[in-house]
Amino acid sequence: RRLRGAASSCQELSFRMPPHQDYVGCAYTCYVVRWTILLCLGLFGIPSVRAVNSVTGNQAVVAGGDLNTAAGDYSSVLGGYLNTAQWLYDSIQGGYGNTANAYAGAIGGGRYNYMDIAYATIGGGRINTATGFASVIAGGQYNFAEDSHSSVCGGTGNTARGMYSTVVGGNSNTAKGSGSVAMGQL
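First things first, this report covers the structure right here in the doc. Being a predicted model, the structure only gives us computed values, none of them experimental.

Scanning the chain from N- to C-terminus turns up 0 helices and 23 strands. Taking contacts inside the chain between residues at least 6 apart in sequence as the whole, the part at least 24 apart equals 7%. Accessible surface, the chain: about 8,900 Å² in total, of which carbon and sulfur atoms supply 57%.

This is the structure in structure tokens:
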């Protein structure tokens, strides 16, 4: 069955479109609801099967990419692959395999980044984890922001463990005390 208002080169394979649901986009400006597979004609008319995105949150949106999920109310995933915005007001801009799993969390991009507490933010990088309230990881890899208002600016394998602690960068640094700063080690 063809989708209303969709490009004529796409055909929906499963036509499950309940009313009052948010629509998500796939390539070629076709629109579907929930888990759906589209058969689209790509460049030069070559058919391709595309697995698209899931929107289950109230007024949530997935703007593009594949296999992304916006499950929280007012949550958003702008693109990428296998990203999940799980809670109210969560936002993921792109990347691969990122998960925002608490109130008003944000992940800019990267791969396999995870936050699970309110107001935490991860700018990018890979395999970074923010578990402290309002914590921030700007980038890098294998970094942890574990306590309230803690931050890691970058580097590899750094941990901000104390409240209001900061790791500026480097490798394998830990800021343990409240308000402490660690940096530098190569």
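Phi is positive for Leu82, close to 60 degrees, though the residue is something other than glycine. Its place among the elements puts Leu82 in the loop between strand S9 (76-77) and strand S10 (84-85). Accessibility expressed as a relative area gives 38% for Leu82, which makes it partly exposed.

Attention now moves to the pattern of salt bridges. Tallied over the entire structure, the rule returns 1 salt bridge. The closest approach of N and O atoms between Arg161 and Glu146, which form a salt bridge, is 2.8 Å. In this pair, Arg161 is assigned in the loop between strand S20 (159-160) and strand S21 (166-167) and Glu146 in the loop between strand S18 (144-145) and strand S19 (151-152), connecting sequence segments 15 residues apart.

Our focus in this paragraph is the sheet that holds strand S15 (residues 121-122). Read across the open sheet, the 9 strands follow the order S7-S9-S11-S13-S15-S17-S19-S21-S23; overall the sheet is parallel. Of all strands in the sheet, those with a lone pairing partner are strand S7 (61-62) and strand S23 (181-182), marking the two edges. As defined by bridge partners, S21 adjoins S23 across 2 bridges and the pair is classed as parallel. If you follow Val167 over to S23, its bridge partner there is Ala182.

What follows covers the packing of aromatic side chains. As enumerated under the stated definition, the model contains 6 aromatic pairs in all. The interplanar angle of 80 degrees and the centroid separation of 5.5 Å between the aromatic rings of Tyr103 and Tyr119 together place this pair among those described as edge-to-face. Separated by 16 residues along the polypeptide, Tyr103 in the loop between strand S12 (99-100) and strand S13 (106-107) and Tyr119 in the loop between strand S14 (114-115) and S15 bring together distant segments of the chain. Residue Tyr119 is classed as partly exposed on the basis of its relative accessible area of 42%. A network of ring pairs unites the aromatic residues Tyr74, Tyr89, Tyr103, Tyr119 and Phe133 as a single cluster. Positioned above the aromatic ring of Tyr96 is the side chain of Arg111, whose terminal nitrogen or guanidinium carbon lies 4.5 Å from the ring centre.

Looking now at the sheet that holds S18. Consider a sheet: its strands pair through backbone hydrogen bonds, and that pairing is either parallel or antiparallel. Here we have 9 strands laid out as an open sheet, ordered S6-S8-S10-S12-S14-S16-S18-S20-S22, and parallel in their pairing. If you trace the sheet from one side to the other, it starts and ends with strand S6 (54-55) and strand S22 (174-175), each paired once. Pairing between S10 and S12: 2 bridges, direction parallel. Bridging from a neighbouring strand, Thr84 pairs with Thr99 of S12.

What follows is about the nonpolar core. One finds Ile107, Met115, Ile122, Ala130, Ile137 and Val167 to be the most contacted residues of the largest nonpolar core, which totals 21 residues. If near-sequence neighbours (up to four positions away) are discounted, Ala130 is found in contact with Tyr114, Met115, Asp116, Ile117, Ala120, Ile122, Ser135, Ile137 and Ala145.

Take the side chain of Asn83 next. Looking at the element boundaries, Asn83 is found in the loop between S9 and S10. Polar contacts involving the side chain of Asn83 include one to the main-chain amide nitrogen of Asn98, which spans 2.9 Å. Setting aside its immediate chain neighbours within four residues, Asn83 contacts Leu67, Asn68, Thr69, Val77, Ile92, Gly94, Gly95, Tyr96, Gly97 and Asn98.

Conventions we followed
Residues numbered from 1 in each chain as written. Predicted model: local features only at pLDDT ≥ 70, side-chain atom pairs only at ≥ 80, totals over all residues. Heavy atoms only, no water. Helix = DSSP H or I, 4+ residues; strand = E, 2+ residues; numbered from the N terminus. Contact = heavy atoms within 4.5 Å. Areas by Shrake-Rupley, 256 points an atom, 1.4 Å probe, with all protein chains shown as cover. Buried < 20%, exposed > 50% of the residue type's maximum accessible area, 1.4 Å probe, protein only. Salt bridge = Lys/Arg side-chain N within 4 Å of Asp/Glu carboxyl O. Pairing = 2+ DSSP bridges. Phe/Tyr/Trp six-rings, centres within 6.5 Å; stacked < 30°, edge-to-face > 60°. Lys NZ or Arg CZ within 6 Å of the ring centre and 35° of its normal. Core = buried A, V, L, I, M, F, W, Y, C linked by side-chain atoms within 4.5 Å. Polar contact = N/O pair within 3.5 Å; in protein donor to acceptor, adjacent residues only side chain to side chain.

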